[in-house]
Amino acid sequence: MIVTQALEAMKTPRILIADDVPANVELLRDQLQLLGFETIMAVDGPSAVSTCFAELPDLCILDVSMPAGELGVEDRVTGFEVCRRIKRDPRTARIPVIFVTALSDTTDRVRAIEAGGDDFLTKPHNRLVLGARVRSLLKLKAATDALEASLHRQRELERLRDDLMKMIVHDLKTPLTAVLASLEMVLDGDFGTVTDGQGSVLAHAYAKAEDLLTLIDDLLEISRMEGSRLNLVRVHLEPRPFLEALLADWTLRLRQEECVASLDVAPDAPDFEADRSLLTRVLSNLVQNAVVHAGRAVRIQIEARRIPMGIGITVRDDGPGIAPQHQELIFRKFESLHAPDASRVRGSGLGLTFCRLAVEAHGGRIWVESDLGKGSAFHVELPLHAPRATPTSGAAAAG
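The numbering scheme is per chain: residues are counted from 1 as the chain's sequence reads. Per-residue local features of the predicted model are confined to residues with pLDDT of at least 70, and side-chain atom pairs are confined, for both listing and counting, to 80 or more; whole-chain, interface and lining totals are unaffected and use all residues. As a convention, hydrogens and water are excluded, and side-chain values are obtained from all of the structure's heavy atoms.

S.K.: Would you mind going over the side chain of His-362 in detail, with residue names and values included?
M.R.: Relative to the helices and strands, His-362 is located in the loop between helix H11 (351-361) and strand E14 (365-371). The cut-offs for exposure are 20% and 50% of the maximum accessible area for each residue type, with area from a 1.4 Å probe on protein chains only; residues under the lower value are buried, those over the upper are exposed, and the others partly exposed. What makes His-362 buried here is its relative accessible area of 3%. Separated by 3.0 Å, the side chain of His-362 and the backbone nitrogen of Asp-275 make a polar contact. The contact criterion used is simple: two residues touch if any of their non-hydrogen atoms lie within 4.5 Å. The residues contacting His-362, other than those within four sequence positions of it, are Leu-232, Ala-274, Asp-275, Leu-278, Leu-382, Pro-383, Ala-386 and Pro-387. Secondary structure follows DSSP: runs of H or I at least 4 residues long count as helices, runs of E at least 2 residues long count as strands, and numbering of each begins at the N terminus. Here a polar contact is taken to be a pair of N or O atoms separated by no more than 3.5 Å, where protein atoms must pair a possible hydrogen donor with a possible acceptor and residues adjacent in sequence count only if both atoms sit in side chains.

As C-alpha cells, this is what we get:
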C-alpha cells in the first residue's frame with residue numbers, strides 16, 4: 001500500500017542518460033520517452049555527476065566508457081567512477097544506476113557491482129528488457145523512499161513523545177514532592193497525634209508516593225542516558241557493606257509486605273569500582289520488582305560472587321516467574337507484562353530499562369533466568385573497574 005501510494009504520488013520519472021555517443025543517447029531517449037519517461041542528458045563523466053546532483057533524477061543510465069575529464073580516471077572506466085560518486089553522496093545514494101555498455105566481460109560486471117550499480121545491460125539492448133528493468137528499479141526506489149519517509153515520521157513521533165514525556169515528568173515531580181513532604185509531616189505528628197490505624201494507612205501512602213517518585217527519577221535518568229555520554233561517579237565498594245546497607249534501606253518496606261530477605265556474599269567476592277548511587281538504584285529496582293510483582297509475600301536473596309570479568313550480583317526470588325518469551329521484552333522501554341493476578345501489572349517498562357542502561361554504562365551486563373512458578377534470578381555482572389565515561393546503548397542508537 002505504501003509503495004503503491006508513493007508510485008501514484010510520484011511525477012513522471014526523470015531518467016539521466018550519460019553517453020558520449022549522440023546516436024546512443026538519441027536511441028535511449030526515444031525508447032524511454034515511448035515508455036512514458038522524461039529524460040535529461042549528459043555527455044561525459046563530469047557533466048553526469050553535476051547533472052545528477054543538480055537535477056536529482058529518479059534513475060541513471062550510464063555508459064561505462066566516456067570522457068572522464070577532471071574525474072581522474074581512465075575514459076574506459078568513467079561510468080564506474082560516476083556511479084561511485086553518486087552512491088556515496090547522501091542526496092543521490094538511493095538513485096538506481098543501470099550500466100549500458102558494449103563490453104560483456106565478467107570483470108566489467110563485477111566492477112559495476114562494486115561501484116554500486118543496480119543493473120547491467122549489454123549493447124545492443126532490447127527495448128522491452130530496458131523498460132522492464134527501469135520500471136522494476138523505479139518500484140524498488142519508491143519502496144525504499146517510502147520506507148525512509150516512514151522511518152523519518154517514526155523518529156519524529158518518538159522525539160515528540162520523548163519531549164512530551166520530559167515535560168510531563170518535570171511537571172509531576174514538583175507536586176509529588178509536596179505530597180511526600182506533607183505526608184511526612186503528618187506521620188511525624190506535626191498536625192496532631194496519629195492513631196496506629198491512620199499511621200499504617202499514611203505510611204502505605206507515603207511508600208507508594210516514594211515508588212512514584214522513583215519512577216519519575218527513572219524517566220529522567222533514562223532520558224539523560226539515552227541522550228548523552230554518562231559520566232560515572234566511581235567509588236571503591238566492598239560488596240558486603242554495600243549490600244548490607246542496601247537491605248537496611250528496605251527493612252521497613254519488606255516488613256510491611258511480609259517479605260523475607262537474606263544476603264549471601266561469597267568469601268572471594270572482590271571489591272570493585274562503581275557509581276554507588278546508580279548501582280544502588282539498579283539493585284533497589286530489582287528488589288522492588290520482586291516485592292511488587294509477586295502478588296504475595298516472597299523470599300528474596302541477594303548474592304555476590306567473583307566471576308571472570310569481575311563481580312557478579314544476583315537478586316533471586318521465589319515469585320511467580322517470567323515466561324521465556326518475555327525475558328528479553330521486559331528490558332525494553334515502555335514494555336510491560338501482566339502478573340498472574342491480572343489486576344497487577346508487571347512494571348511500567350521503565351525500571352528494568354534504567355537497570356540495563358545503568359549496568360551497560362558500567363561496562364557490564366544484566367539478564368534474567370526464570371521459570372514460571374519457580375521464581376526469577378536477575379544477574380548483574382560488572383568489571384572491577386568501571387569506565388570513566390561510556391556511551392549508553394540508548395545513546396549509541398539514538399540516531
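Next, the rest of the story.
S.K.: Would you mind going over the nonpolar core in detail, with residue names and values included?
M.R.: Leu-243, Leu-279, Leu-283 and Leu-286 are the most contacted members of the largest nonpolar core, which totals 43 residues. Where this core is concerned, the elements lending two or more residues are helix H8 (239-249), strand E9 (272-275), helix H10 (276-293), strand E10 (299-307), strand E11 (310-317), H11, E14 and strand E15 (375-383). In terms of residues, this core owes the most to one element, H10, which gives eight residues. In contact with Leu-286, not counting residues within four places along its chain, are Val-315, Leu-352, Cys-355, Ile-366, Phe-378 and Val-380. By nonpolar core we mean a set of buried residues, namely Ala, Val, Leu, Ile, Met, Phe, Trp, Tyr and Cys, connected to one another through side-chain atoms within 4.5 Å. The next biggest cluster of nonpolar side chains, apart from the first, holds 23 residues, and it includes Val-49, Met-66, Cys-83 and Val-97.

S.K.: Hey, could you go over a nonpolar patch on the surface for me, with residue numbers and the actual values?
M.R.: Each patch is built from residues lacking any salt bridge and having more than 30% relative accessible area; the joining distance is 9 Å for like charges and 5 Å for nonpolar side chains (Val, Leu, Ile, Met, Phe, Trp, Tyr). Working definition of accessibility: Shrake-Rupley area with a 1.4 Å probe, residue cover restricted to the visible protein chains. Salt bridge criterion: a side-chain nitrogen from Lys or Arg within 4 Å of a carboxyl oxygen from Asp or Glu. On the surface, a nonpolar cluster with roughly 270 Å² of combined accessible area is contributed by Met-167, Ile-168 and Leu-172. Relative to the helices and strands, Met-167 resides in helix H6 (residues 127-187). Met-167 gets classed as partly exposed once you look at its relative accessible area, which sits at 47%.

S.K.: I'd like a description of the sheet that holds E11, backed by residues and values.
M.R.: Taken together, five strands build an open sheet; the order of strands is E8-E10-E11-E15-E14 and the sheet is mixed. Only two strands of the sheet have a single partner each, and these edge strands are strand E8 (260-265) and E14. Adjacent strand axes in the sheet meet at a mean angle of 15° when their direction is disregarded. Note: E8 against E10, six bridges, orientation parallel. Across the sheet, the residue bridging to Val-265 is Ala-304, located in E10. In this description, a line fitted to the C-alpha atoms serves as the axis of each element, helices being fitted only across the stretch in contact, and the angle between N-to-C directions of two axes falls anywhere from 0 to 180 degrees. Helix-sheet contacts for H8 involve E8, E10 and E11, and the interaxial angle to E8 is about 175°. Packing against the sheet, H10 makes contact with E10, E11, E14 and E15, and its axis sits at approximately 20° to E11. Two strands qualify as a pair provided DSSP detects at least 2 bridges between them.

S.K.: Residues and numbers for unusual backbone geometry, please.
M.R.: A positive phi is found at Leu-56, a non-glycine position, where the angle reads about 50°. Residue classification places Leu-56 among the partly exposed residues on the basis of a relative accessible area of 44%. For Glu-258, which is not glycine, the phi dihedral falls at a positive 60°. Looking at the element boundaries, Glu-258 is found in the loop between helix H9 (251-256) and E8.

S.K.: With reference to specific residues and values, describe the pattern of salt bridges.
M.R.: Summed over the entire model, instances satisfying the criterion amount to 16 salt bridges. The partner of Glu-74 in a salt bridge is Arg-76, and the shortest N-O contact between them spans 2.8 Å. Linked by salt bridges that have partners in common, Glu-81, Arg-84 and Arg-85 make up one network.

S.K.: Give me helix H4 (residues 78-88): which residues, what numbers.
M.R.: Within H4, eight of the 11 residues are buried, which leaves the element mostly enclosed by the surrounding structure. Buried within H4 are the following residues: Thr-78, Gly-79, Phe-80, Glu-81, Val-82, Cys-83, Ile-86 and Lys-87.

S.K.: Break down the pairing of strand E1 (residues 14-18) for me, with residues and values.
M.R.: Burial of E1 is extensive: four of the five residues sit out of reach of the surface. Sheet analysis places E1 next to strand E2 (residues 38-42), joined by five bridges and oriented parallel. Residue Arg-14 lies in a different strand from E2, and its bridge partner there is Glu-38. Chirality of the crossover, the property in question, places the unit of E1, helix H2 (residues 22-34) and E2 among those that are right-handed. Here E1 runs beside strand E3 (residues 59-63); their pairing, made up of four bridges, is parallel. Counted as the bridge partner of Ile-15 is Leu-59 from E3. Note on handedness: a crossover is taken as right-handed if, strands pointing away from the viewer, the path from the first strand over the helix to the second is clockwise.

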